[in-house]
Amino acid sequence: MKEKELLRLQNLKKIEEEIYSKNENIKYICGIDEAGRGPLAGPVVVASVIMPHDSMIEGVNDSKKVSEKKREELYEKIIEESISYGVGIMDHNEIDEYNILNATKMGLTNSLKELTVKPDLIVVDALNKIDTLGIPYKSIIKGDALCYSISAASIIAKVTRDRIMRQWDEVYPMYGFQKHKGYGTAAHIAAIKEYGLCPIHRKSFTKNFI
């Protein structure tokens, strides 16, 4: 690993290292992040992951700063190295029923239920007033870019959601889900106007386009 990358990762792990150094009772920190709050179609996906204290996977970063190909590679490495991980998926119907913020929070709780190891502390990107099953949590603004565990979770969430959207692209190829993953690009909006909504569109997000 090059020195520049090593220094970047060490900086990304500062928040966790400070928590560990100040709290000897904390053995497991769980990072949580989501993907898909903004798209017009498909689910929102929340991932929880507990990485080993000494984990230092080259390239781990906020998923938005990593190419799709590289995210796929990192996903495999993170899953393999993780102590435990969980994924919560809330589909388009649940988003319409509960609204996107509440659906995201519910997905977070569901992802925690999937963990096989109980964390001592949760670090989460920006969310507050969440049900963490009684586990203490620390909300960090822009945590996916500032905290290693949250960055790892962001990659799991993003790759999981992208794979789902690529599958939906095979069912509804006219919308271009493989390219934009359901986000409101000009091409996606044009497709909605031409073909109407498909079953996985979020009606609460697309009422202005029909």
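Bear in mind the structure is a predicted one, so any value in this text is a computation, not a measurement.

Undergrad: If you had to explain the packing of helix 3 (residues 68-81) against helix 7 (residues 148-171) to someone new, which residues and values would you point to?
TA: It is the contact of helix 3 with helix 7, at a shortest axis distance of 9 Å, that shows an interaxial angle of 120°. In terms of axis orientation, helix 3 runs oblique to helix 7. Crossing geometry of helix 3 relative to helix 7 is assigned as left-handed. Across the interface between the two elements, Glu68, Arg71, Glu72, Leu74, Tyr75, Glu76, Ile78 and Ile79 from helix 3 touch Ala152, Ile155, Ile156, Lys158, Val159, Thr160, Asp162, Arg163 and Arg166 from helix 7. Residues of the contact of helix 3 with helix 7, tallied by class, amount to 8 nonpolar, 1 polar and 8 charged.

Undergrad: Tell me about the pattern of salt bridges, and please be specific about residues and values.
TA: Scanning all chains against the criterion turns up 12 salt bridges. For Arg8, the salt bridge identified is with Glu5, shortest N-O distance 2.8 Å. Here Glu5 and Arg8 lie together in helix 1 (residues 3-12), a separation of 3 residues that amounts to about one turn. When the shortest N-O distance is used, the salt bridge between Lys158 and Asp162 registers 3.3 Å. Taken together, the residues Lys158 and Asp162, both in helix 7 and 4 residues apart, mark about one turn of the helix. As far as burial versus exposure is concerned, Lys158 and Asp162 are alike and both buried. Connected via shared salt-bridge partners are Glu68, Glu72, Glu76, Arg163, Arg166 and Lys181.

Undergrad: How would you sum up the pairing of strand 1 (residues 29-35)? Please name residues and give values.
TA: Most of strand 1 sits out of view: 6 of its 7 residues are buried. Summarising the sheet, strand 1 and strand 4 (residues 121-125) pair through 4 bridges and their orientation is parallel. Among the inter-strand pairings, Ile32 is bridged to a residue of strand 4, identified as Val124. Here 6 bridges tie strand 1 to strand 2 (residues 44-50), and the two strands are oriented antiparallel to one another. The residue bridging Glu34 from the neighbouring strand is Val46, located in strand 2.

Undergrad: Quick one: what's the story with the sheet that holds strand 4, residue by residue and with numbers?
TA: Picture the strands of a sheet paired through backbone hydrogen bonds; they go either parallel or antiparallel. Taken together, the 5 strands give an open sheet; going across it, the order is 3-2-1-4-5, and neighbouring strands pair in mixed fashion. Lying at the two open borders of the sheet, with one neighbouring strand each, are strand 3 (84-90) and strand 5 (137-140). Put simply, the sheet's adjacent strands are angled 20° from each other on average, direction ignored. Here 4 bridges tie strand 4 to strand 5, and the two strands are oriented parallel to one another. Paired with Ile122 across the two strands is Tyr137, which belongs to strand 5.

Undergrad: Residue-level account of the pairing of strand 4, with values.
TA: Buried residues dominate strand 4, accounting for 5 of its 5 residues. Covered by surrounding structure in strand 4 are Leu121, Val123 and Asp125 together with Ile122 and Val124, the residues of both alternating faces.

Undergrad: Give me the packing of aromatic side chains: which residues, what numbers.
TA: Scanning all chains against the criterion turns up 3 aromatic pairs. Considering the side-chain rings of Trp168 and Tyr172, the 5.9 Å spacing of their centres and the 20° angle between planes classify their relative orientation as stacked. For Tyr172, a relative accessible area of 18% translates into the label buried. Residues Tyr175 and Phe177 carry aromatic rings whose centres are separated by 5.6 Å and whose planes lie at 15° to one another, so their mutual orientation is stacked. No difference in accessibility class separates Tyr175 from Phe177, as the two residues are buried.

Undergrad: Report on unusual backbone geometry, specifying residues and quantitative values.
TA: Phi is positive for Asn99, which is not a glycine, with a value near 80°. Position of Asn99 relative to the elements: it lies in the loop between helix 4 (92-98) and helix 5 (100-113). A positive phi is found at Ala126, a non-glycine position, where the angle reads about 75°. Here Ala126 lies in the loop between strand 4 and strand 5.

Parameters and conventions
Sequence positions are assigned chain by chain, starting from 1 and proceeding in written order. Local features in a predicted model are, by the rule used here, given only for residues with pLDDT of at least 70; side-chain atom pairs are given and counted only at 80 or more, and totals for whole chains, interfaces and linings are based on all residues. The basis for the side-chain values is all heavy atoms of the structure; hydrogens and waters are excluded. In this description, a line fitted to the C-alpha atoms serves as the axis of each element, helices being fitted only across the stretch in contact, and the angle between N-to-C directions of two axes falls anywhere from 0 to 180 degrees. Going along the chain from the N terminus, every DSSP run of H or I of four or more residues is numbered as a helix, and every run of E of two or more is numbered as a strand. With respect to orientation, any angle under 35 degrees is reported as roughly parallel, any angle over 145 as roughly antiparallel, any angle of 65 to 115 as roughly perpendicular, and every other angle as oblique. Throughout, a crossing is termed right-handed when the near helix is turned clockwise from the far one, and left-handed when it is turned anticlockwise from it by less than a right angle. In this analysis, two residues are considered to be in contact whenever any of their non-hydrogen atoms come within 4.5 Å of each other. Note on residue classes: Ala, Val, Leu, Ile, Met, Phe, Trp, Tyr, Cys and Pro are nonpolar, Asp, Glu, Lys and Arg are charged, and everything else, Gly too, is polar. Between Lys or Arg on one side and Asp or Glu on the other, a salt bridge is scored when a side-chain nitrogen of the former is within 4 Å of a carboxyl oxygen of the latter. Residue exposure (1.4 Å probe, protein chains only): buried if accessible area is under 20% of the type maximum, exposed if over 50%, otherwise partly exposed. Two strands make a pair as long as DSSP finds a minimum of two bridges between them. Here a pair means two rings of Phe, Tyr or Trp (six-membered ring of Trp) with centres within 6.5 Å. Their orientation is stacked below 30 degrees between planes, edge-to-face above 60, and tilted elsewhere.

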